[in-house]
Structures are given as C-alpha cells and as structure tokens.
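# Residue-level structure breakdown
Read off the chains here:
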Amino acid sequence: TSAQPAPTGITFPDGFVWGTATASYQIEGAAREDGRGPSIWDTFSRTPGKVFAGHTGDVACDHYHRYAEDVALMADLNLGAYRFSVAWPRIRPDGTGPVNTRGLDFYDRLTDELLSKGIDPVVTLYHWDLPQTLEDRGGWTVRETAEAFAEYAQVVFGRLGDRVGTWTTLNEPWCSAYLGYGNGIHAPGRQDPAGSLAAVHHLNLAHGLAARALRSAGARNISITLNPCEVSPLDPANPADVAAARIIDGVANRIFFDPILRGHYPADVLEHVSRITDLSFIKDGDEEIINAPIDVLGINFYTPSYVSAKPGQPAALDYPGSEGIAFRKPVGPVTDMGWQIEPESLTRLLTRIHRDYPGTPLMITENGAAYPEGVHDPLRIEYVDAHLRACHDALAAGVDLRGYFAWSLMDNFEWAEGYAKRFGIVHVDYTTQQRVLKDSAKWYREVIRRNGLE
Ligand code: GBH
C-alpha cells in the first residue's frame, strides 16, 4: 500500500519569534485624520478602474481607532511580535516638510499598547504609501525621494527608537519598483520600464541611506524585507530554460540582494538592462551606501515561479528585459489569488539565500494565503502548516531562520484586489468592523503555545 505516514511533530528553536504582520494603508483607515497627507495609494484607489470595485483604504479596518482592541486580540493569540508599518504621509504630510506630531502620536500609542501586552513591535518604515507630493516630483524614479526617506526614517526613530527594537526600511521594493512603475497595477500606476529600473536603484539607495542614518542614531536591529521570486527553469535539462531563469533571478532578485549584501550590482544584470536604460542614475559611491550592514533580512514568500525560453514572447512589464521568456501558469492547488501552493519552494528559497548570502539571519516577515470569506478556513491552516514545515526543513539544513510572521493578522485592503481577497487569520466584517477569530487564528495560537506543530 502507499499510505502516507502522518506528519510527525516538530519543534522550533528556543526564542523563535512568532508574529503576524499588517501594513498601514491596508488596515488603518482614517485617511484624512489628524493631519495625514495624501499618499499615492489614495490617489490610485480613487482613480476609476485601478482597484477592484473602486475600493479605497479610507476606512479599511478602522485600525487607527481600534488599535487597542486589535492589540488585545494579538495578546489573546499569544503573539510574541507584531510587524506593522508607519505611514510616511502621517509623519510628513508632504514628504519632506514639517513633521506632523499627531501622526507620530498614533504610533507612539500603538507601540506602548504592544509593549504593555509583552508584544515586540517590529516597524516597517515604508509599505508603499508614498506621500503624493513626492510622486508629483518624480517619486521613486528620482534620487530626492531616497534622500527624503532617510530623513523621514530619522524622524520616526527619534520618537520610537527608545522602545522599538527592529527597524525595517522597506517592504518589498520589487513591488514598489516593478508593479508601481513597470506594469502599473500598483500605485502610482506608471508603465515605464526605464523608470522602474531607476526606481529599483533609488529604493536600494533609500534603504542604504536610512540604514546608515538609523545605525548612527543608535538602532541595533536593522532590516529590509524582500520578496524574492523563487524561480526555476521549467526544464532543468534545457540550457535555454536555465538561462531564462537566470535572467529573471537577476532582474527580480540579485538586483536587490547583491548591492545590499555584497556591495555591487551583478555585472550580468547591468549588462542585460543596459538595453533599457543608460543606468546614469547610479552614482559613484552609491553601491557602498546600499551595502550598509543589516542585522536581519526579512523574506516574504507566497508562491514559486517556473520559466521557460519562448521565442517571440513579449516582455512582462514587471520583469524588464524578459522578452523571450514565458512564465508557466500555476499547476496543482492554488489559493484564492490563483497562486500555486508549493511549500518545498520555500525550503529551496531559504537554503539558496543562506548559501549565496551567508551570515545574515533570516526572518519570514510574511507568509499566508487568501481564501474565500469565512471563519472556518481549513485550507489556510493547511497552507501555513505546510509552510512552517518547510521552514523547519530549512532550519534542519542549517539555515539561520529566526522567526515567522503570518500575513495577515486580519482581513484587509488587498491593494488592487480591494477587500475582495482575504488573507486574515482574523475575520473582519467591514460593515460592523467586528473582528472574529478564524479557525486558523485559534490553530496558530496553539502553534505558538507549543512552539511547533503536532
Ligand atoms: C505582499 O506582496 C505584500 O507585502 C502585502 O502587502 C500583500 O497584502 C501580500 O503580499 C498579499 O498579496 O502571479 O503567481 O506570479 C506580495 C506580492 C505576491 C508579488 C506574489 C508577486 C507573484 C505571483 N507578490 N506575486 S504570480
């Protein structure tokens, strides 16, 4: 017979961090309150046709007013840490000018509430809500935005640095650059291949400038969160497919990992994209700035990619220079996003990062799945269970993985998908704003309690 053996119990290392993650624009609401300025997501979501059913983050989960209730929920779930992002336009409404104290006050209250419940605050300084004023001056395609980011980072550190341990500069610069300026499905909705590559560099630079500024201000745990594309050749025996995977790995992954962790852009990637841009935005000394030491690297993971060489295939706008390369359609089980589920891919990714960029502790800063609305969510439990086992396999292979943050604490504004896609382990009723634990939240509480899986 071929009966599968039941999975056996696993335990995570002592001190393994268990958390959940959210982002400001996705949950806060209060878009016009207490001096918050407009962000590119306000503009984008109010532009007809950009976001599903015209949804906006105006109210979202009303977390701005309900943060205390939400922190109580987190405490009920035994969370050791909570990853949230700070909205730049609450702190500096026009990106560079006067500081809005009422914006800082909110994150101050949230931080104290978390600490009072024994939950470690993990701050992300940028999760995509760029002040609109800065976009009007060129956004991430111009250098000034990187400089403004480093100043803003220091303002936030000045207020919270005595209580917040972990400082993450950017969330997923891949998305900001390529979805924002490449294929335009995210704010600011531009379709400009050369601009998207300038954006990559200015995001890298923003990270480096901020990491240096935070370090000199006294920050001890500095980080960035990347969303690597776990890419494989469809046919590993076909050299053309292997070459295709290498190109995608370059423009999606190594263009971030290499300058940040090795201090230089990979020569093959620069060569490859020089057909699209003259690269004049890279100035002497930039790579050294970007190579600022970090203490932990955040990894967000959802799904693998498989590519093959396909002559005549037009370039995907979110992968500049990808003409002649086809992405395979997902096979097997998918989530409500249509994303293929393949936990082994996470093990491959973590072991690869550990091998190619040794010496930096890793943290899963997002992992989770969208499923149709409901509080009974066995498929989400199955997804998270399988991915935690994949993390454990990576640990067994020697990967220095320090923690796991489930995406997301609660259902929220899923960017271009609006409220139609639900990633929460807590259900949100958007009419009453009532929160109800899904089965996955109750299950996750037990995972945290036993520091492992049954
Ligand atoms: C994260 O982005 C965000 O940080 C978070 O705010 C968001 O809510 C969450 O994920 C869920 O989307 O079409 O099969 O090639 C993740 C963005 C997801 C972009 C996977 C690339 C490739 C999927 N990434 N995606 S596929």
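Residues numbered from 1 in each chain as written. Predicted model: local features only at pLDDT ≥ 70, side-chain atom pairs only at ≥ 80, totals over all residues. Heavy atoms only, no water.

### Some thoughts on unusual backbone geometry
Most peptide bonds are trans, and most residues other than glycine sit at a negative phi. Spelled out, the test is: The secondary structure listing takes helices from DSSP runs of H or I that are at least 4 residues long and strands from runs of E that are at least 2 residues long, numbered from the N terminus.
Cis geometry is adopted by the peptide bond preceding Pro-188, which originates at Ala-187 and carries an omega value of 5 degrees. In this structure, Pro-188 sits in the loop between helix H8 (173-179) and helix H9 (193-217). Each neighbour pair has its own omega, and for Trp-407 with Ser-408 the value is 5 degrees, a cis peptide bond. Tracing the backbone shows Ser-408 in the loop between strand E12 (401-407) and strand E13 (426-428). For Asp-62, which is not a glycine, the phi torsion comes out positive at approximately 55 degrees. For Asp-62, the location among the structural elements is in the loop between helix H2 (40-45) and helix H3 (63-76). The phi dihedral of Asn-451 falls on the positive side, at around 50 degrees, and the residue is not glycine. Within the element layout of this structure, Asn-451 appears in the loop between helix H15 (439-450) and strand E15 (452-453).

### Digging into the state of the cysteines
As a reminder, the rule being used: When two cysteine sulfur atoms are found within 2.5 Å, that pair is recorded as a disulfide. Only protein chains enter the accessibility calculation, which uses a 1.4 Å probe. A residue is then buried if its area is under 20% of the maximum for its type, exposed if over 50%, and partly exposed in between.
Tallied over the entire structure, the rule returns zero disulfides. There is no disulfide at Cys-229, and the cysteine sulfur nearest it, in Cys-175, is 11 Å away. With a relative accessible area of 9%, Cys-229 lands in the buried category. Sulfur of Cys-391: no disulfide; nearest cysteine sulfur belongs to Cys-229 and is 18 Å away.

### Structural notes on the site of the ligand
Our working definition: We call a residue near a molecule or strand as soon as one heavy atom of that residue lies within 4 Å of the molecule or strand. Two N or O atoms form a polar contact when they lie within 3.5 Å of each other; inside protein one atom must be a possible hydrogen donor and the other a possible acceptor, and for residues adjacent in sequence the pair counts only when both atoms belong to side chains. The protein chains shown are the only cover counted for residues, whose accessible areas, like all others here, come from Shrake-Rupley with a 1.4 Å probe. A pocket here means an open set of points on a 1 Å grid, computed over the protein atoms alone, that has protein on both sides within 12 Å along at least five of seven lines. A cavity is instead a set of points where a 1.4 Å probe fits but cannot get out; residues with an atom within 4 Å of a point line either one. More than half of a molecule's atoms lying within 2 Å of a cavity's or pocket's grid points is what places that molecule inside it. Under the scheme applied, nonpolar residues are Ala, Val, Leu, Ile, Met, Phe, Trp, Tyr, Cys and Pro; charged residues are Asp, Glu, Lys and Arg; polar residues are all the others, including Gly.
Around the ligand, the structure places 16 residues, and the nearest of them are Gln-26, His-127, Glu-172, Glu-414 and Trp-415. Between an oxygen atom of the ligand and a side-chain N or O atom of Glu-366, the distance comes to 2.9 Å. Between Trp-415 and the ligand, the recorded distance is 2.8 Å, taken from a side-chain N or O atom to an oxygen atom. In isolation the ligand has 580 Å² of accessible area, and contact with the protein removes 79% of it. Its atoms largely coinciding with the cavity grid, the ligand occupies the largest pocket. Among the residues forming the shell around the ligand, the class breakdown is eight nonpolar, five polar and three charged.

### So, the layout of surface pockets
Here is the rule we go by: Grid points are joined across faces, edges and corners, and a volume is the space filled by probe spheres set on the points.
Roughly 1000 Å³ of internal volume is contained in the largest pocket. Trp-174, Leu-179, Thr-303, Tyr-319 and Trp-339 are, among the 42 residues lining the largest pocket, the residues nearest its centre. Those elements that provide at least two residues to the lining of the largest pocket are H8, helix H10 (239-262), strand E8 (296-301) and strand E9 (304-309). Classifying every residue of the lining of the largest pocket by side-chain character gives 22 nonpolar, 12 polar and eight charged. By volume, the second largest pocket amounts to about 240 Å³.

### Some points on the UniProt feature "active site" (unreviewed entry) in the protein
Heads up, the rule is: UniProt positions are given in the numbering used here, feature names are shortened, and annotations may be inferred rather than shown by experiment. Here, residues are in contact when the closest pair of their heavy atoms is within 4.5 Å.
Taking the UniProt record as the reference, the feature "active site" (unreviewed entry) is found at Glu-172 and Glu-366. For the annotated residues, spread through 195 residues, the largest C-alpha to C-alpha distance comes to 10.5 Å, consistent with a single compact locus. As for the annotated residues, the ones lining the largest pocket are Glu-172 and Glu-366. For Glu-172, the position within the fold is in the loop between strand E5 (166-171) and H8. Sequence-distant contacts of Glu-172, that is, excluding residues within four places in its chain, are made with Trp-128, Thr-225, Asn-227, Asn-300 and Glu-366. Note on placement: Glu-366 falls in strand E11 (residues 362-367). Residue classification places Glu-366 among the buried residues on the basis of a relative accessible area of 4%. Setting aside chain neighbours within four positions, we find Glu-366 in contact with Ala-21, Arg-83, His-127, Asn-171, Glu-172, Ile-299, Asn-300, Phe-301, Tyr-302, Phe-405 and Trp-407.

### Brief notes about the sheet that holds strand E7 (residues 230-233)
Quick reminder of the rule: For two strands to pair, DSSP has to find at least two bridges joining them. Convention adopted: a line fitted to C-alpha atoms gives each axis, helices being fitted over their contacting stretch, and angles between N-to-C directions are expressed from 0 to 180 degrees.
Strand order in this open sheet of three strands is E7-E9-E10, and the pairing throughout is mixed. Looking at strand neighbours, the two that pair on one side only are E7 and strand E10 (325-327), the edges of this open sheet. Between one strand axis and the next, the sheet turns by 35 degrees as a mean value, whatever way the strands run. Where E9 meets E10, three bridges bridge the pair, whose relative direction is antiparallel. Directly across from Val-307, in E10, lies its bridge partner Phe-327. Against the sheet, H10 makes contact with E7, E9 and E10, and its axis sits at roughly 130 degrees relative to E9, the strand it touches most. In the packing of helix H13 (residues 343-356) onto the sheet, the strands contacted are E7 and E9, and the crossing angle to E7 comes to about 100 degrees.

### Considering the confidence of the model for the protein
Segments scoring low in pLDDT should not have their predicted coordinates read at a detailed level. Filter applied, for reference: As a per-residue measure, pLDDT reflects the predictor's confidence and takes values from 0 up to 100.
For the protein, per-residue confidence averages 98 on the pLDDT scale, and residues scoring 70 or more make up 98% of the total. Across the predicted assembly, pTM comes out at 0.97 and ipTM at 0.91.

### Comments concerning the pattern of salt bridges
What counts, and what does not: Salt bridges are identified by distance alone: a Lys or Arg side-chain nitrogen within 4 Å of an Asp or Glu carboxyl oxygen.
Per the counting criterion, the structure on display carries 38 salt bridges. Arg-66 is paired through a salt bridge with Asp-62; the nearest N and O atoms lie 2.9 Å apart. Using a relative accessible area of 26% as the deciding quantity, one classes Arg-66 as partly exposed. We classify Asp-62 as buried; its relative accessible area is 13%. Overlapping salt bridges, with partners in common, bring together Asp-105, Asp-108, Asp-112, Arg-159, Asp-162 and Arg-163 in one network.

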